[in-house]
Each structure stands twice: as C-alpha cells, then as structure tokens.
Amino acid sequence: MERMNLKGSRIVLTGGATGIGRATAIHCATLGAGVVVADINEVDGDSCVSQIKKLGGEAWFIKTDVSIESDVRNLMSESYRYLGGIDSLVTAAGIARDSMVPVEDLLEEVWDSTIDINLKGSFLAAKHAVPSMKENGRGVIVMIASGAGVTSASSTVSYGASKGGVNGLGMTLAAKLRDHGIRVNVLCPGSITTPLKLGIIERQVASLGEGARVANSDLGDPVGVAKIISFLISDDADYIRGAVFTR
Ligand code: NAD
C-alpha cells in the first residue's frame, strides 16, 4: 500500500507534550509535516520536539496555556511565522480532575478549570487558527473529545460535560466552516495508555479496588490514535465529516 504523505503540511497541535498529542506530533512529522507543539508542559514539549528533530523532522515548541486567549493568539501568530501558514489544527490539550468525586462534592474550581482547558481551549485554538485557513481557502481541524459525554457516561463529572461540549463545538464549526473549505472532525478515542488515563484508573482503583485495574486492562497505544488523526488530516480523508470513534 502507498504510504500516506503529509509533506509540506503545516500543523499546530495543542497538548503535544505527552500522550496522544505527542504521538500525533511525532507521527505527522515522520510523514513530512512541519509541526508546532503547544503545551503548558515545557519539559516534555521540548523533548517531543527534540525527538522529532532527531528523526529528521521539523518541529517547534511554543509554551501555551490553551485556556488563556493571549497565549493562544501568540501561539497561532508564532506558528504562522514558523510555518508560513496553518493547514491543520489538532486540539489534544485536556485534563480530567477529580474522577469519582460525586457531583455534590465537586468543587466549582475543578469544574471551571476543566471547562476552561478542554472546551474553551478548543474554541480559542479554532478561533485563532481559522483566519489562516480561510486565507488559504482550505484547512482541517481535528478536535479530540471522548466517548465520555458523547456516547456514554464518564467517571468524571466535569470531564464528561466538557467533552460533550467539544463534540457540539466541532459539529457546529463543521457546518459553519464547510463553505470555506475547512473540514472539522471530532475524534473520540477509546481508552488509551496516557498519563491522563492512567491517572483516572489510579483514582478508580483507590475508590473501587483492584477490580477497576482489571476492567481497564485493554488500553490502546497512543500511536494507533495518531495514525487515525494523521489520516483525518490528509487529503485522503476528504469525505469524512462528523465524529470518529476509535477503540
Ligand atoms: P495527556 O495527559 O498525556 O495529554 C494531555 C496534554 O494536555 C498534556 O501534555 C498536558 O500537559 C496538556 N495540557 C493540560 N492542560 C493544558 C493547558 N492548560 N494548556 C495546554 N496544554 C495543556 O493525556 P491524553 O490522554 O493524551 O489526552 C489527549 C486528549 O485525548 C485529551 O483531550 C483527552 O481528554 C483525550 N482523551 C483521552 C483518552 C484516553 O484514554 N487517554 C480517551 C478519550 C479522550
């Protein structure tokens, strides 16, 4: 089979320091894309970029808190400067705090930070990436939501709510941006081995016992999700519209 090619593709990726975002940045760079990795985690963000460069790829790290508009505005203008434009945006930045905490005990601060990073962060990234895409008359946005809050419940109240919001945001932008040649897809990964998921499992184990670990024993590899995202970004995925569910 012919190997997919992202040569010349210019990608901005939030949450690229670890997990699914990192795997996606590395995979897309090995397919020829130039990648800007944005994250609050500077140490792992820098190491992601170093890994890409060692593999012969092109990447930059820009420290960004996706919940702060001035950070995101700076991210996109710097990305434009480094890459010469923005063809694709992947929003992978996310948190899941206070898993297993009952709704009556959930702190307002936890709710606010989760919505701010997961939902508002996705909105801000789209808001500031879209002008470059409109200028090109084409673009791709992949927003990472989750089955949690989209097709099923979540162990984490604010997380499930935020991901339902991301799905709604993605569907809305898909319709609004279609006439500008911009494709928007929402990706809902299943359970994948990442720091975020492993943290949730540890809290489930603390609350429910070791059985929770067994129930979560079949986790996917972030690289598997990265391959799906790289396909969604590519021109080969031109006919895909809507939410895509992985394992
Ligand atoms: P992860 O913790 O490895 O990655 C999340 C990244 O987001 C980290 O690098 C983190 O530093 C970054 N981040 C957190 N707050 C930020 C902020 N304010 N600004 C910028 N970056 C910030 O976990 P992951 O599982 O790879 O998560 C990636 C995405 O996939 C998340 O949106 C998550 O909700 C989603 N997801 C994961 C799973 C899973 O099973 N791992 C399942 C469904 C959805």
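First, a word on scope: everything that follows refers to the structure included in this document. It should be emphasised that the depicted structure is a prediction, and the values quoted were computed from it without experimental measurement. (Residues numbered from 1 in each chain as written. Predicted model: local features only at pLDDT ≥ 70, side-chain atom pairs only at ≥ 80, totals over all residues. Heavy atoms only, no water.)

1. Quick look at helix α4 (residues 108–136)
At step 1: Between its first and last C-alpha, α4 extends 41 Å over 29 residues, near the 42 Å set by a 1.5 Å rise per residue.
At step 2: The sharpest bend along α4 comes to roughly 40°, located at K120.
At step 3: Once α4 ends, the next one or two residues include G137, with phi positive near 75°. (Helix = DSSP H or I, 4+ residues; strand = E, 2+ residues; numbered from the N terminus. Expected span 1.5 Å × (residues − 1). Bend = angle between axes of the 7 residues up to and from the residue.)

2. Considerations on the sheet that holds strand β6 (residues 182–188)
At step 1: With parallel pairing, the 7 strands of this open sheet are ordered in space as β3-β2-β1-β4-β5-β6-β7. Single-partner strands in this sheet number two, and they are β3 (58–63) and β7 (242–245). In this sheet, adjacent strand axes meet at a mean angle of 20° when their direction is disregarded.
At step 2: Summarising the sheet, strand β2 (residues 34–39) and β3 pair through 6 bridges and their orientation is parallel. (Pairing = 2+ DSSP bridges. Axes fitted to C-alpha atoms, helices over the stretch in contact; angles between N-to-C directions.)

3. Here's the deal with the packing of helix α1 (residues 19–30) against helix α2 (residues 42–54)
At step 1: α2 packs onto α1 with a crossing angle of 20° between their chain directions and a minimal axis gap of 10 Å. Relative to α2, α1 is oriented roughly parallel. In this structure, α1 meets α2 at a crossing whose hand is right-handed. The segment α1 lies against α2, with R22, A25, I26 and A29 engaging D44, S47, C48, Q51 and I52. (Parallel < 35°, antiparallel > 145°, perpendicular 65-115°, else oblique. Left-handed = near helix turned anticlockwise from the far one by under 90°. Contact = heavy atoms within 4.5 Å.)

4. Some thoughts on the nonpolar core
Across soluble globular proteins, nonpolar side chains have a tendency to be buried as a group.
At step 1: Of all hydrophobic cores here, the largest spans 29 residues; its most connected members are I11, V35, V142, I229 and I233.
At step 2: Counting residues per element, the ones that place at least two in this core are β1 (10–14), α1, β2, α2, β3, β5 (139–144) and α8 (222–233).
At step 3: Not counting chain neighbours up to four residues away, the residues in contact with V35 comprise I11, L13, A25, C28, A29, E58, A59, W60 and L83.
At step 4: Counting residues in hydrophobic clusters, the runner-up holds 28 residues, among them L89, V166, L173 and A174. (Core = buried A, V, L, I, M, F, W, Y, C linked by side-chain atoms within 4.5 Å. Buried < 20%, exposed > 50% of the residue type's maximum accessible area, 1.4 Å probe, protein only.)

5. Observations concerning the environment of D65
At step 1: You can see D65 is positioned in the loop between β3 and α3 (69–83).
At step 2: Taking C-alpha positions, D65 is 9.2 Å from T14, a pair spaced 51 residues apart along the chain.

6. Some thoughts on unusual backbone geometry
Negative phi is the rule for most residues except glycine; trans is the rule for most peptide bonds.
At step 1: Although it is not a glycine, D98 sits at a positive phi angle of roughly 60°.
At step 2: Looking at where D98 falls in the secondary structure, it is placed in the loop between β4 (88–91) and α4.
At step 3: The residue M100 is not glycine, and still its phi comes out positive at about 75°.
At step 4: Relative to the helices and strands, M100 is located in the loop between β4 and α4.

7. A closer look at the pairing of β1
At step 1: Most of β1 is tucked away: 4 of the 5 residues are buried.
At step 2: Here β1 runs beside β2; their pairing, made up of 5 bridges, is parallel. Within β2, the position partnered with L13 by the bridge is V37.
At step 3: Between β1 and its parallel partner β2, the chain crosses via α1, and the hand of that crossover is right-handed.
At step 4: Looking at chain direction, β1 and β4 are connected through 4 bridges and run parallel. Following the sheet pairing, T14 is matched in β4 by T91. (Right-handed = clockwise from strand over helix to strand, strands pointing away.)

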